[in-house]
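Overview (structure and organization)
So the chains spell out like this:
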Amino acid sequence: VQLQASGGGMVQAGGSLRLSCAASGRRFNGYVMAWFRQVPGQERQFVSSVTWTLGRTYYADFVKGRFTISRDIALKTAYLQMNSLKPEDTAEYFCAAGRIAADSTLRSAYEYDSWGQGTQVTVSS
């Protein structure tokens, strides 16, 4: 699986951005797509995930009500709509894909074996 992330940029607090993650290489039935973010010196942090087949969504508490994850099966693309952005959302954002296992939490970076390059999101106050 190859992933290509895009859509990062610089916005003011309260603004919006939409990240895209284009996937290629295989069918994605039984897969989950996710977004993580990372600030230098800190661990990669779960943001949101969506199961490819049923479209079930999961969010970190700090983005609930502000971010929306979705996927377009025909385009093999996952999206992260980010609204009401805050300076603390500033980070490099990574998309990831992994096969769902019986004990998957869908929130751990270790459950994902394909990663896109990061896209920088900077929110100014």
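Higher on the page you've got the structure.
So, here is what we can say about the structure in this document. (Residues numbered from 1 in each chain as written. Predicted model: local features only at pLDDT ≥ 70, side-chain atom pairs only at ≥ 80, totals over all residues. Heavy atoms only, no water.)

Examining the nonpolar core
Counting residues in hydrophobic clusters, the biggest one holds 36 residues, and the most contacted among them are Met33, Trp35, Phe67, Leu80, Met82 and Tyr93. For this core, the elements supplying multiple residues, two or more each, are strand 1 (2-6), strand 3 (17-24), strand 4 (31-38), strand 5 (45-51), strand 7 (67-72), strand 8 (77-82), strand 9 (91-99) and strand 11 (119-124). Element by element, the count of residues in this core is highest for strand 4, at six residues. Every residue in contact with Met82, bar those within four places of it in the chain, is listed here: Gly15, Ser16, Leu17, Leu19, Arg66, Phe67, Tyr93 and Val121. (Core = buried A, V, L, I, M, F, W, Y, C linked by side-chain atoms within 4.5 Å. Buried < 20%, exposed > 50% of the residue type's maximum accessible area, 1.4 Å probe, protein only. Helix = DSSP H or I, 4+ residues; strand = E, 2+ residues; numbered from the N terminus. Contact = heavy atoms within 4.5 Å.)

Structural notes on the side chain of Arg37
One can find Arg37 in strand 4. Judged by relative accessible area, which is 7%, Arg37 ranks as buried. There is a polar contact of 2.9 Å between the side chain of Arg37 and the side chain of Asp89. Those residues in contact with Arg37 that sit more than four places away from it in its chain are Glu43, Arg44, Gln45, Val47, Phe62, Glu88, Asp89, Ala91, Glu92 and Tyr93. (Polar contact = N/O pair within 3.5 Å; in protein donor to acceptor, adjacent residues only side chain to side chain.)

Considerations on the sheet that holds strand 1
With respect to topology, four strands assemble into an open sheet ordered 1-3-8-7, the strand pairing being antiparallel. A strand with exactly one partner marks an edge of an open sheet, and here the two such strands are strand 1 and strand 7. The average undirected angle you get between the axes of adjacent strands in this sheet is 15°. The pairing of strand 3 with strand 8 spans six bridges and is antiparallel. When the bridges of strand 8 are listed, Leu19 appears paired with Leu80. (Pairing = 2+ DSSP bridges. Axes fitted to C-alpha atoms, helices over the stretch in contact; angles between N-to-C directions.)

Observations regarding the pattern of salt bridges
Tallied over the entire structure, the rule returns three salt bridges. The shortest N-O distance in the salt bridge between Asp89 and Arg37 comes to 2.9 Å. Of this pair, Asp89 sits in the loop between strand 8 and strand 9 while Arg37 sits in strand 4, and the two are 52 residues apart along the sequence. Among the salt bridges present, the one from Asp61 reaches Lys64, with a minimum N-O distance of 3.2 Å. Look at Asp61 and you get exposed, because its relative accessible area is 62%. (Salt bridge = Lys/Arg side-chain N within 4 Å of Asp/Glu carboxyl O.)

A word on the packing of aromatic side chains
Per the stated rule, a full pass over the model turns up six aromatic pairs. On the basis of an interplanar angle of 75° and a centroid distance of 5.4 Å, the ring pair of Phe36 and Tyr112 is categorised as edge-to-face. Remark: Tyr112 occurs in the loop between strand 9 and strand 10 (114-115) and Phe36 occurs in strand 4; sequence separation between them is 76 residues. Phe36 gets classed as buried once you look at its relative accessible area, which sits at 1%. Summarising the aromatic geometry, the rings of Tyr112 and Trp115 are spaced 6.4 Å apart at their centres and angled 65° between planes, so their arrangement reads as edge-to-face. A relative accessible area of 5% places Tyr112 in the buried class. The partly exposed category is assigned to Trp115, whose relative accessible area is 29%. Among the aromatic side chains, those forming a connected cluster through ring pairs are Phe36, Phe46, Tyr112 and Trp115. Between Arg44 and the ring centre of Phe94, over which it is positioned, the NZ or CZ distance is 3.8 Å. Positioned above the aromatic ring of Trp115 is the side chain of Arg44, whose terminal nitrogen or guanidinium carbon lies 4.7 Å from the ring centre. (Phe/Tyr/Trp six-rings, centres within 6.5 Å; stacked < 30°, edge-to-face > 60°. Lys NZ or Arg CZ within 6 Å of the ring centre and 35° of its normal.)

Purely geometric stuff here, so don't read any function into it on its own.
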